[in-house]
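What follows is each chain in one-letter form.
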Amino acid sequence: AEGLQPLLILGASSGRFVTLADKDQHHSSRTRLDRERLKSCMRELENMGQQATTLRSQVKKNTMKDKLKLVQNFLQKLRFLADEPQHTIPDIFIWMISNNKRIAYARVPSKDILYSIVDEEMGKDCAKVKTVFLKLPGKRGFGPAGWTVQAKMEIYLWLGLNKQRKDFLSGLPCGFEEKKIARGQNLPSFPPISLLYTKKQVFQLRAHMYQARSLFAADSSGLSDPFARVFFTSQSQCTEVLNETLCPTWDQLLVFDNVELYGEAHEMRDDPPIIVIEIYDQDTVGKADFMGRTFAKPVVKMSDEQYCPPRFPPQLEYYQIYRGNSTAGDLLAAFELLQIGPGGKSDLPPMDGPTDMDRGPILPVPLGIRPVLSKYRVEILFWGLRDLKRVNLAQVDRPRVDIECAGKGVQSALIQNYKKNPNFSTLVKWFEVDLPENELLHPPLNIRVVDCRAFGRYTLVGSHAVSSLRKFIYRPPDKKAQHWNMTGYLAMANGAPRSRPTGEIVVNMEPEVPIKKMETMVKLEANSDAVVKVDVSEEEKEKKKKKKKGGGGGGEEVEEEEPDESMLDWWSKYFASIETMKEVGAEQGEIKLDDSPMKGFKGQAKNKEKSKAPKDDKKKKQQSAPELPEKKNKQKIDELKVFNKELEAEFDNFEDWLHTFNLLRGKIGDNDDNATEEERIVGRFKGSMCVYKVPLPDDITKEAGYDPNFGMFQGIPSNDPINVLVRVYIVRATDLHPADINGKADPYIAIKLGKTDIKDKENYISKQLNPVFGKSFDIEATFPMESMLTVAVYDWDLVGTDDLIGETKIDLENRYYSKHRATCGVSQTYSIHGYNVWRDPMKPSQILSKLCKEGKVDGPHFGPGGRVKVANRVFTGPTEIEDENGQKKQTDEHLALSVLRHWEDIPRAGCKLVPEHVETRPLLNPDKPGIEQGRLEMWVDMFPMDMPAPGPATDISPRKPKKYELRVIVWNTDEVILEDDDYFTGEKSSDIFVRGWLKGQQEDKQDTDVHYHSLTGEGNFNWRYIFPFDYLMAEEKIVISKKESMFSWDETEYKIPARLTLQVWDADHFSADDFLGAIELDLNRFPRGAKTSKQCSLEMVTNEAELPMVSIFKQKRVKGWWPFVARDENDELEVTGKVEAELHLLTAEEAEKSPAGLARNEPDPLEKPNRPDTSFIWFLNPLKSIKYLICTRYKWLIIKIVLALLLLIMVALFLYSMPGYMVKKLLGA
């Protein structure tokens, strides 16, 4: 409730404001602006008051954060409202003048010093002694020159109405006498000329300046020569200058004696004056450059207080240093203000510095305050330098790296020729340094790269400050915890460590196929053997059973269950993996199942992504209602891992032992303060570091094979140049940024690695934003010179240069040397033929023994019965493999592979190995920084050239569509609704014809002839359509290529679902034909046709789910009745006719062998339909027709014509007899 108090006050006081403002509104002196502003303030505050009151009742524990945001919005609004748009009282200026020249000024807003009788309404600085900093006037005050303070003054200001003037001294520190001028005759009393203080306190200020970190680089060398200047009241002192560092450890105590402060003791204690600390860079010529400033308040001890915890001795604290508006480092310091009592200075606490260092007049920081130091050894691994840019237009040729930490440091060996080999000859060097025990106080470590030019000159290339050494600190394992190994690693693997009795471990091994989870509880002593079952055998056995069954043509539908090996290719694997990724995502709740994206995906999966070759369909029909069994029966395709991010993100940038540090340009000119980090990068330093307390425990240095030259970096590969075959696979790109006016792009791939530059320009993909490339490129490269792979997607243009859509860069070197083994992903299963052939030239068993040797792990020991022991783990698995001819051989590879796939569970040496995968990398364009231009799915394999050569690249070329021909014979129609009335007989009839097409927007539509004048809705056609098409079996899509417009340069490829559309129409001679109804059949799953016209109903369209479905690609030939449907006036479906049709699917080759003619033509002609001749009915029965015409059809028309004729006759008679009558009348005859 305490925290909610302000809301109540806000509610109440806003009400009070509104009533006050209401009285005030119609004051005569208000301008229109004032009145309007008051109104708006009243409105806002009234709202806010109501919101605050309601908000208070709504705050609960779980809604706390949201409500806090709302309250912060209130605060911002109030601050905004409080600011007058037009100040009525001018601001106060304070000028410092010398020789009649204005040198510096300060501006104080008048609202801050306005006096009011009500305390809350008083300006925040009214009647207070404030510190004011004067700055340069005019343009000189902007930019770096104006950042230094010209003068600091303590000032007391009061602004109020004349009638309140008696209160103007109320805020001054007590204990003064006023000295006034003698009063004139009728002059009011003036403010005093001066104040004479009788009360004053004497203090000593101790400024413990320990160190600063990450300062601004002021010199061109990328370093600075910093010193600090401390100002307090009217005194200032400087620390010593430390040369060439950005992290100076001054370790200096500055003492300000006899600081006189005025006022009451309690005022001093609660609100001491501010200390200003400015950091400067000492230059040999000219005045010192300003590097930043910070403010601090001292901890105050009055003479009657004890110097004891918790307040004393004060702790060192970090103060943020500012340079202009940007931050420029931190200062680690402590400040104490001690009152000198009646006993003089002897009563103050002593200043005991460490005795072992004699620094002359400079006092070190006393013992209680300075951090406790220990001796640390810092080992640096120097690997190499990459991508160094030019410095002062000259190329970097002989670089060297200097490492500095807390005043100590080490230099790397000199790289003799950067072009030839950018790696260092000496890998590990070390230095010892005293660092604080408290890790938070560790100074940063600076990495500087210099280029050694002729005549012993050095030029700075770039520098990097490692601000936190935390991740590089090595803590030797604890002796007592012998079981640390096991539990530690497993806890990491299984997520949160749960408290368990020591030595007991649960190992969950995921089976290869998500059939059932298998949990093995294993009791482990540190040296016992754990048995871990990996459940592969089941699947293998099943496969073999099936093969046998299939061979003997045994029993049930075996082929249905087992995918046809020849049908499967890499894409089957890829699409199956994408499906799994979606399912896992859905289970983990990343994608909620009821969300549209997932639904969309299910839909798409049906059409496109579901590359579960033919097998899955029947399954779907049998149980499309229950979701679960379907997963079980999912086709057993070996899968790979699809990462929807970069591989680096998953494996922590592959910085398991080799780190990459970006080098930034030296002196930042003040105009490039706003330059982005990217622009300042001038290269990269590769290496690592290890920080540990010395001496190390013996058991580490005495371990077998410990090489003292490498220190903590044991078992590091050599960094000599190495030749590598890099194989880049590009799968596809998605959501590319359009590059052409038509909102599309014509993308192609460009790959650059070192001197190799591949532009795959002739294979561009026309007008696609989601192109499938399916290509692999082999490049030979030499690490370290060529290690940055750039894969770019360009937009092909007929005229002009091609535009870059986006690119992605991959550091191959870190991948190559990583312990995660990112050279070639480890597949799920080992097979020596087929679509899932093992890609790596090294077999799993060879990889395993190499890993065991490098990690000093005992093993692998292959035992009988499909067991393998590595360290203290036992893995089990199948031991047989089939070659292409179905011959079985004994092998250990499955076992070795099961260990590799769970390598992270191996104690001490284990880490997750990169699986066979596809990674998704964002494409970026340097001209549009930070905006993703699309994503690229790809992967990279690397094979050292001194090892046996790998096999040919996996074929991932996009699937080629197969040519098919669909023949549709429309035999008859029935119960077609009758649209026309006969002119003569008035009977309902229709002139029926059927239209059909397969592709897109009726591009290949074909019509039957017309069955005229059908009175019953029956039509006889015996008409054949022929639709040739290209079909992608795995994606269930028809592929069509066509030019988008007359002016298109080339054809665009579209993929559309395979759907046959049949429509029934009523032909009209003079007006447009009338559409009667249609049916759309998805060739992969459509309802089986009814045997007779009677059985054919609307159910076949509306209730698809429960009907047996067929696929023309399996049945090849289907005949039956299907309903035509259309929507009636109420927008509900109704049957408007039925069609008897026959669908016959042939491959292009089959179609060539047995040709058939269109319509009823040769070859294989269809007989002419037997149609009753109904169109001459009026000829046979004329009387009936005439009666009908007169009585019904034209009855009203005839009556209208008769009436019109009568009218005409009357008018004619009138006109005829009119002249005769007129004459008679006139003559009066």
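Since this is a predicted model, take the numbers as computed values, not measurements. (Residues numbered from 1 in each chain as written. Predicted model: local features only at pLDDT ≥ 70, side-chain atom pairs only at ≥ 80, totals over all residues. Heavy atoms only, no water.)

### A few points about helix H8 (residues 570-587)
Okay, so step 1: For H8, with 18 residues, the first-to-last C-alpha span of 26 Å sits near the 26 Å given by 1.5 Å per residue.
Okay, so step 2: Buried residues dominate H8, accounting for 14 of its 18 residues. (Helix = DSSP H or I, 4+ residues; strand = E, 2+ residues; numbered from the N terminus. Expected span 1.5 Å × (residues − 1). Buried < 20%, exposed > 50% of the residue type's maximum accessible area, 1.4 Å probe, protein only.)

### Brief notes about the pattern of salt bridges
Okay, so step 1: Across all of its chains, the model carries 56 salt bridges by this definition.
Okay, so step 2: Between Lys 200 and Glu 260 there is a salt bridge whose closest N-O contact spans 3.3 Å. Taken together, the positions of Lys 200 in the loop between strand E6 (194-197) and strand E7 (201-213) and Glu 260 in strand E10 (residues 249-261) put the pair 60 residues apart, joining distant regions of the chain.
Okay, so step 3: Taken together, the salt bridges that share partners define one network made up of Arg 386, Asp 387, Arg 684, Lys 686, Asp 811 and Glu 813. (Salt bridge = Lys/Arg side-chain N within 4 Å of Asp/Glu carboxyl O.)

### Notes on the UniProt feature "transmembrane region" (unreviewed entry) in the protein
Okay, so step 1: In the numbering used here, UniProt assigns the "transmembrane region" (unreviewed entry) feature to residues 1196-1216.
Okay, so step 2: Spanning residues 1196-1216, this segment combines 100% helix with 0% strand, and its end C-alpha atoms are found 30 Å apart. (UniProt positions renumbered as here; feature names shortened; annotations may be inferred.)

### Side note on the side chain of Asp 802
Okay, so step 1: Secondary-structure assignment places Asp 802 in the loop between strand E32 (788-795) and strand E33 (803-811).
Okay, so step 2: Judged by its relative accessible area of 15%, Asp 802 falls in the buried class.
Okay, so step 3: In terms of polar contacts, Asp 802 uses its side chain to reach the side chain of Lys 761, at 3.2 Å.
Okay, so step 4: Side-chain polar atoms of Asp 802 contact the backbone nitrogen of Asp 797, separated by 3.1 Å.
Okay, so step 5: Residues contacting Asp 802, with those up to four places away along its chain left out, are Tyr 748, Lys 761, Tyr 794, Asp 795, Trp 796 and Asp 797. (Polar contact = N/O pair within 3.5 Å; in protein donor to acceptor, adjacent residues only side chain to side chain. Contact = heavy atoms within 4.5 Å.)

### Some details on the nonpolar core
Okay, so step 1: One finds Val 726, Val 728, Ile 730, Leu 789, Leu 812, Leu 936 and Val 940 to be the most contacted residues of the largest nonpolar core, which totals 42 residues.
Okay, so step 2: No other element matches strand E28 (residues 722-734), which puts six residues into this core.
Okay, so step 3: Excluding anything up to four places from it in sequence, Val 940 contacts Val 726, Arg 727, Val 728, Leu 789, Ile 810, Leu 812, Arg 815, Ala 822 and Thr 823.
Okay, so step 4: If you look at the next biggest cluster of nonpolar residues, it comprises 41 residues, including Leu 1060, Leu 1076, Val 1110 and Phe 1113. (Core = buried A, V, L, I, M, F, W, Y, C linked by side-chain atoms within 4.5 Å.)

### Topic: the environment of Ser 989
Okay, so step 1: Considering the arrangement of structural elements, one finds Ser 989 in strand E43 (residues 988-997).
Okay, so step 2: What makes Ser 989 buried here is its relative accessible area of 4%.
Okay, so step 3: Spatially, the C-alpha atoms of Ser 989 and Gly 1017 are 7.4 Å apart, while their sequence positions differ by 28 residues.
Okay, so step 4: Apart from residues no more than four positions distant in its own chain, Ser 989 is found in contact with Leu 978, Glu 979, Asp 980, His 1013, Ser 1014 and Leu 1015.

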